[in-house]
Number of protein chains: 2
Amino acid sequence: MTNNLEITLSTSKKTKPQPDQLGFGKYFTDHMFIMDYATEQGWHSPRIVPYQPITLDPAAKVFHYGQTVFEGLKAYRTSDNRILLFRPGKNFERLNHSNNRLSIPPIDENFLLDALKKLVEVDQDWIPSAEGTSLYIRPFIISTEAALGVAPSHNYQFMIILSPVGSYYAEGIHPVKINVENHFVRAVPGGTGAAKTAGNYAAGLKAQEVASDRGYSQVLWLDGVERKYIEEVGSMNVFFKINGEVVTPVLNGSILDGITRNSVITLLKHWGVPVVERKLAIDELYNSYVNGTLEEAFGTGTAAVISPIGELFWDTHQMKINQGQTGELSKRVYDTLTGIQNGTVADPFGWVVEVKS
Amino acid sequence: MTNNLEITLSTSKKTKPQPDQLGFGKYFTDHMFIMDYATEQGWHSPRIVPYQPITLDPAAKVFHYGQTVFEGLKAYRTSDNRILLFRPGKNFERLNHSNNRLSIPPIDENFLLDALKKLVEVDQDWIPSAEGTSLYIRPFIISTEAALGVAPSHNYQFMIILSPVGSYYAEGIHPVKINVENHFVRAVPGGTGAAKTAGNYAAGLKAQEVASDRGYSQVLWLDGVERKYIEEVGSMNVFFKINGEVVTPVLNGSILDGITRNSVITLLKHWGVPVVERKLAIDELYNSYVNGTLEEAFGTGTAAVISPIGELFWDTHQMKINQGQTGELSKRVYDTLTGIQNGTVADPFGWVVEVKS
Ligand SMILES: Cc1ncc(COP(=O)(O)O)c(C=O)c1O
Ligand SMILES: Cc1ncc(COP(=O)(O)O)c(C=O)c1O
């Protein structure tokens, strides 16, 4: 791969949306990063160009066989006007793990970090500064070879697009109501659940619709083998505080290794709060609810950071958690993590990476 | 949906490939069919246009969340110069089943059949007539809304592209060698295995690579729950003749309901050959091999029609089936089915549908 990052600046600038209109992933900035792959050349021609449509042959493999991976992270504008990324190296490390599972050639992680920093620098005017807002960063790879044989593609495009975002959940930091899915399955060990790839999300749409129809904003997935063990929520990992101890499902090959999850575990250990990664059965959770030891529940993910869970619906059981209010520990984790991300709280872990502004 | 199918003919024609150069899905004809969907309008603007690239926003949902389905069928040129489709209605019926699983709005199946006939008529010069060749037809739907929220798209495109093809397998009708996959999983009940959607194929690429490296051309999948029951091959269903009886895995929600599979079962019943759909464990199959009752094995699918299996490799066991030769029943099924498709054998089932030529 050549390290010559070519930059073509846009001659016209789009109008920026109002901070209260942002939503999630609806608006995109003036530029994007692209890099191509061909078997004979490897990854080549990295470039920053005006945000523009992609033109592909209708036979491009991504449309038919879904050979694609993506990532998601954020850039934050601090009150003293600096720009911070949160653990970006972890995202590119995970990208390469996903690539490996999807038979996509790996990419130099250091180069990607440099390219991302440059892109964010170019579009820095787009980073919103109102509370709860940030610049969402979406790196992704698509297979572009125009051939219908089921086999890894010989050509790919890697891209990064940027989107100024508000809060992911309409409800904001308020607790969400989540439906425990009994019928549909998202992933299974041996499958692609631990990779960040399109098919996992397509598989989840139907259950998400069922949940929405019942008034629940998200789905909690159970394992696909025994339909018993808690896995994760739509696009979040999940934590429960039971009798003073925090429990999160252990990474078993079908759960995404969330970067927020990893950060929360580190933070809790740092604070001396007992935290354990283990298998957690839905009936064990229900029993802890019935006997009053289920104290808090929250989801973790880049989009929402921390999302307190106010209610779980499982089978015929409605579990109101912490009277439907944000728990004390959930709040403390949220404040600390978002504080580190925004630069208002000290970062003892070396998590934030500054971008030139 | 308007029934006004607009046709724009190409002003230039591509050079057609030589019949012995066709391969599978490498060349595409002069035209394609497109139709759009928007929530407010439904499916609309059906049109036949010159084969052309698709232009999409980089945030189009298909690139990120894999909300897409496809189909595969063939048109055959008979020796008396007619054009036959094989059970096309079944493909559009299955398309709507896949749509339902992927939260994509259904399409009028009769309209699709009319549109397909028209497209094949327009590009009829592309239907090859050499033995084993045909025109492969690929209908597919992609989600085109440019928004990163994980939710069903508000916009789609349905397309049909056509590709003149030779034999899918380099080996032709000769028996293939297949690796039984013990580690990776393709699908699980509650997931998307019974739908024809991109993610299932992406999930299978890695195992396919492992198999190829070991000298096997395809993967035989076991169920994702017990890792024990035979499911299907890469893009084929699978049949075994054991002690005079033909066995094929029962449709369990994670296997594709293959149209060739359905046709083979019908044909065998018509002939009075005992055939049963049931769970079949890999160790039962191995035992039948050891005690000499495993007589034949073959895969079924649109691409290969019938693909005799000459060898299975499972764990540490190499099973040579019928001395690695095409079995008698496999051959009879192959000859009859391809004969019906090519119009050289009578079609007592009403399977073929003629296109105006
Ligand atoms: C399926 C899934 N689980 C969990 C997460 C959380 O991961 P992270 O904390 O790295 O954003 C995500 C991504 O946002 C996800 O898509
Ligand atoms: C996974 C899978 N199984 C089986 C088949 C066979 O189905 P059909 O006979 O309808 O082509 C296919 C498609 O060709 C497939 O993709």
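Residues numbered from 1 in each chain as written. Chains lettered and ligands numbered in written order. Predicted model: local features only at pLDDT ≥ 70, side-chain atom pairs only at ≥ 80, totals over all residues. Heavy atoms only, no water.

- Looking at an unreviewed UniProt entry, one finds chain A named Branched-chain-amino-acid aminotransferase and attributed to Paenibacillus aestuarii.
- What UniProt records for chain A under Cofactor (unreviewed entry) is the sentence "pyridoxal 5'-phosphate".
- Listed in UniProt under the heading Sequence similarities (unreviewed entry), the comment for chain A reads: "Belongs to the class-IV pyridoxal-phosphate-dependent aminotransferase family." (UniProt positions renumbered as here; feature names shortened; annotations may be inferred.)

1. As for the overall build of chain A
Phase 1: Helix and strand counts for chain A come out as seven helices and 19 strands.
Phase 2: Over its C-alpha trace chain A gives a radius of gyration of 21 Å, about what one expects of a compact globule, namely 21 Å for 357 residues.
Phase 3: Across its three principal directions, the C-alpha atoms of chain A cover 60 × 50 × 35 Å.
Phase 4: Burial analysis of chain A (357 residues in total) assigns 60% to the buried set.
Phase 5: Within chain A, contacts between residues separated by at least 24 positions form 70% of all contacts whose residues are at least 6 apart in sequence.
Phase 6: Put simply, chain A shows about 13300 Å² of open surface, and 46% of that area lies on carbon and sulfur atoms.
Phase 7: Here chain A holds 32 positive side-chain charges and 38 negative ones, and the gap between their average locations is 1 Å. (Helix = DSSP H or I, 4+ residues; strand = E, 2+ residues; numbered from the N terminus. Rg over C-alpha atoms; globule rule 2.2 N^0.38 Å. Buried < 20%, exposed > 50% of the residue type's maximum accessible area, 1.4 Å probe, protein only. Contact = heavy atoms within 4.5 Å. Areas by Shrake-Rupley, 256 points an atom, 1.4 Å probe, with all protein chains shown as cover. Lys, Arg positive; Asp, Glu negative; His and termini not counted. Charge placed at Lys NZ, Arg CZ, Asp CG, Glu CD.)

2. Quick notes on the site of ligand 2
Residue and element names in this part refer to chain B.
Phase 1: Close contacts around ligand 2 come from 16 residues, with Tyr201, Glu232, Ile259, Thr260 and Thr302 the closest.
Phase 2: The separation between an oxygen atom of ligand 2 and a polar side-chain atom of Thr302 is 2.6 Å.
Phase 3: Relative to its unbound accessible surface of 390 Å², ligand 2 loses 97% to contact with the protein.
Phase 4: Contributing elements (two or more residues each) for the shell around ligand 2: helix H5 (259-271) and strand S16 (294-301).
Phase 5: Among the residues making up the shell around ligand 2, the classes are represented as four nonpolar, eight polar and four charged. (Near = heavy atom within 4 Å. Polar contact = N/O pair within 3.5 Å; in protein donor to acceptor, adjacent residues only side chain to side chain. Nonpolar A, V, L, I, M, F, W, Y, C, P; charged D, E, K, R; others polar.)

3. Examining the relation of the copies chain A and chain B
Phase 1: Each copy superposes on the other: chain A lies on chain B with an RMSD of 0.0 Å after a rotation of 180° and an axial shift of 0.0 Å. Interpreted geometrically, this transformation is the action of a two-fold axis.
Phase 2: A shared binding surface is used by both copies, with 100% of the interface residues of chain A retained as interface residues in chain B. (Least-squares fit on C-alpha atoms with pLDDT ≥ 70 in both.)

4. Points about a negative patch on the surface
Residue and element names in this part refer to chain A.
Phase 1: Taken together, the side chains of Glu93, Asp108, Glu109, Asp114 and Asp257 define an acidic patch exposed on the protein surface.
Phase 2: Mapped onto the elements of the fold, Glu109 is located in helix H3 (residues 109-122).
Phase 3: Residue classification places Glu109 among the partly exposed positions, given a relative accessible area of 31%. (Patch = residues over 30% accessible without salt bridge, like charges linked within 9 Å, V, L, I, M, F, W, Y side chains within 5 Å. Salt bridge = Lys/Arg side-chain N within 4 Å of Asp/Glu carboxyl O.)

5. Quick look at unusual backbone geometry
Phase 1: In this structure, A:Asp315 is a non-glycine residue whose phi angle is positive, near 60°.
Phase 2: Note that A:Asp315 resides in the loop between strand S17 (305-314) and strand S18 (317-320).
Phase 3: In this structure, B:Arg87 is a non-glycine residue whose phi angle is positive, near 45°.
Phase 4: Structurally, B:Arg87 can be placed in the loop between strand S7 (83-86) and helix H2 (88-101).

6. A closer look at the nonpolar core
Phase 1: Of all hydrophobic cores here, the largest spans 46 residues; its most connected members are A:Leu56, A:Phe63, A:Ile142, B:Leu56, B:Phe63 and B:Ile142.
Phase 2: If we ignore the near neighbours within four places in the chain, the residues touching B:Phe63 are A:Ile54, A:Leu56, A:Val62, A:Phe63, A:Thr68, A:Phe140, A:Ile142, B:Leu56, B:Asp57 and B:Pro58. (Core = buried A, V, L, I, M, F, W, Y, C linked by side-chain atoms within 4.5 Å.)

7. Describing the domain arrangement of chain A
All names here are of chain A.
Phase 1: Under the domain assignment used here, chain A contains domain 1 (2-165) and domain 2 (176-340).
Phase 2: Spacing between the C-alpha centres of domain 1 and domain 2 amounts to 28 Å.
Phase 3: Approximately 1600 Å² of surface area, both sides summed, lies buried where domain 1 meets domain 2, with 60% of it carried by carbon and sulfur atoms.
Phase 4: Scanning the region where domain 1 abuts domain 2 turns up zero salt bridges.
Phase 5: In this assembly, domain 1 and domain 2 are joined by ten residue pairs in polar contact (both at pLDDT 80 or more).
Phase 6: With five residues, the single largest contributor to the side of domain 1 that touches domain 2 is helix H2 (residues 88-101).
Phase 7: Its residues placed into classes, the side of domain 1 that touches domain 2 shows nine nonpolar, five polar and six charged. (Domains from an automatic or database assignment. Buried area = accessible area lost by both parts, 1.4 Å probe.)

8. Some words on helix H7 (residues 328-342) of chain A
Residues and elements named next belong to chain A.
Phase 1: Between its first and last C-alpha atoms H7 spans 21 Å; for 15 residues at 1.5 Å apiece the expected length is 21 Å, and the two agree.
Phase 2: Burial in H7 covers these residues: Leu329, Ser330, Val333, Tyr334, Thr336, Leu337, Thr338, Gly339, Ile340 and Gln341.
Phase 3: Just downstream of H7 lies Gly343, where phi reads positive at about 80°. (Expected span 1.5 Å × (residues − 1).)

9. Here's the deal with the pattern of salt bridges
Residue and element names in this part refer to chain A.
Phase 1: Under the criterion given, the structure shown has 23 salt bridges over all chains.
Phase 2: A salt bridge links Lys331 to Asp335, with the shortest nitrogen-to-oxygen separation between them at 2.8 Å. Here Asp335 and Lys331 lie together in helix H7, a separation of four residues that amounts to about one turn.
Phase 3: What makes Lys331 partly exposed here is its relative accessible area of 41%.
Phase 4: In this structure, a network of salt bridges that share partners links the residues Asp80, Arg82 and Glu354.

10. Some words on the interface of chain A and chain B
Phase 1: At the interface, 57 residues of chain A touch 57 residues of chain B.
Phase 2: For the pairing of chain A and chain B, the buried interface totals around 4800 Å² over both sides, and the portion due to carbon and sulfur atoms is 64%.
Phase 3: Applying the counting rule to chain A against chain B returns zero salt bridges.
Phase 4: Joining chain A to chain B, the criterion identifies 25 residue pairs in polar contact (both at pLDDT 80 or more).
Phase 5: Contributions of two or more residues to the side of chain A that touches chain B are made by strand S4 (54-56), helix H1 (61-65), strand S5 (68-70), H2, strand S8 (134-143) and helix H4 (198-213) of chain A.
Phase 6: Per-element tally for the side of chain A that touches chain B: the top contributor is H4(A), with eight residues.

11. Here we look at the pairing of strand S3 (residues 42-50) of chain B
All names here are of chain B.
Phase 1: Pairing of strand S1 (residues 6-7) with S3, which is carried by two bridges, proceeds in the parallel orientation. Within S3, the position partnered with Glu6 by the bridge is Arg47.
Phase 2: Inspection of the sheet shows strand S2 (residues 31-38) paired to S3 by seven bridges, in the antiparallel sense. Note on S3: the bridge partner recorded for Ala38 is Gly42.
Phase 3: Between S2 and S3, which pair antiparallel in sequence order, lie three residues. (Pairing = 2+ DSSP bridges.)

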